[in-house]
Amino acid sequence: MSGPTFQLAVTVAPADIDELGHANNVNYLRWMLEAATAHWEVALRESDPVAVAGIGWVVMRHELDYFLPAFAGDSLAVFTWVPTCSALTCDRYYEINRLSDGALLARGASSYCVVDLGTGKPRRLGAELRQAIGSPQLVKRHRIERSFPSRP
């Protein structure tokens, strides 16, 4: 696979703009998912077919921090990389920058579980699969969950 960081080019479309005159927040998440999908498609083309056969990814969690707005016509770069994974999960990170001034518009993270498409059950990330997604460091960890207050 071509390097640990992947870049997707995005142009903010008029349909992405909300009543406040800038790109609606949901579009940032969409761009993150598009970058992750495009990165995986590169892995499918460039990796050992056996290592990536029958693999799917299920999102367990998304986080997104917004810093600056994007406007119609803005050219953006969505960067994504996978620095760490456990036996069953990967942490994927994102940065969204405006190309005209290099401004960081948003930063995000997603936790994914790898699944076997045939069974729909979690599947371990072997060394070949880790290599296909950029050779992230293998770490031991427990799933971190946000604490929610009781519903009133």
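Located above this text is the structure these notes cover.
Residues numbered from 1 in each chain as written. Predicted model: local features only at pLDDT ≥ 70, side-chain atom pairs only at ≥ 80, totals over all residues. Heavy atoms only, no water.

Peer 1: Quick one: what's the story with the environment of Trp57, residue by residue and with numbers?
Peer 2: With respect to the secondary-structure elements, Trp57 resides in strand E2 (residues 55-66). Counting along the chain gives 60 residues from Trp57 to Leu117, while the straight-line C-alpha distance between them is 8.9 Å. Apart from residues no more than four positions distant in its own chain, Trp57 is found in contact with Trp40, Cys90, Tyr112, Cys113, Val114, Val115, Leu125, Leu129 and Ile133. (Helix = DSSP H or I, 4+ residues; strand = E, 2+ residues; numbered from the N terminus. Contact = heavy atoms within 4.5 Å.)

Peer 1: Give a description of the packing of aromatic side chains that names residues and reports values.
Peer 2: By convention here, two paired aromatic rings are described through the distance between centres and the angle between planes. Within this structure, the stated rule accounts for five aromatic pairs. Relative to Tyr66, the ring of Tyr28 lies with its centre 5.2 Å away and its plane at 85°, an arrangement referred to as edge-to-face. Of this pair, Tyr28 sits in helix H1 (residues 25-46) while Tyr66 is found in strand E2, placing the two residues 38 residues apart along the sequence. Judged by relative accessible area, which is 2%, Tyr28 ranks as buried. Given the relative accessible area of 35%, Tyr66 is considered partly exposed. Pairing Trp81 with Tyr93 gives two aromatic rings, centres 6.2 Å apart and planes at 25°, and the pair type is stacked. Of the two residues, Trp81 sits in strand E3 (residues 75-85) while Tyr93 sits in strand E4 (residues 89-98), which places them 12 residues apart along the sequence. Of the residues examined, Trp81 reaches a relative accessible area of 25% and is grouped as partly exposed. Connected via pairs of aromatic rings, a cluster forms that spans Tyr28, Trp31 and Tyr66. (Phe/Tyr/Trp six-rings, centres within 6.5 Å; stacked < 30°, edge-to-face > 60°. Buried < 20%, exposed > 50% of the residue type's maximum accessible area, 1.4 Å probe, protein only.)

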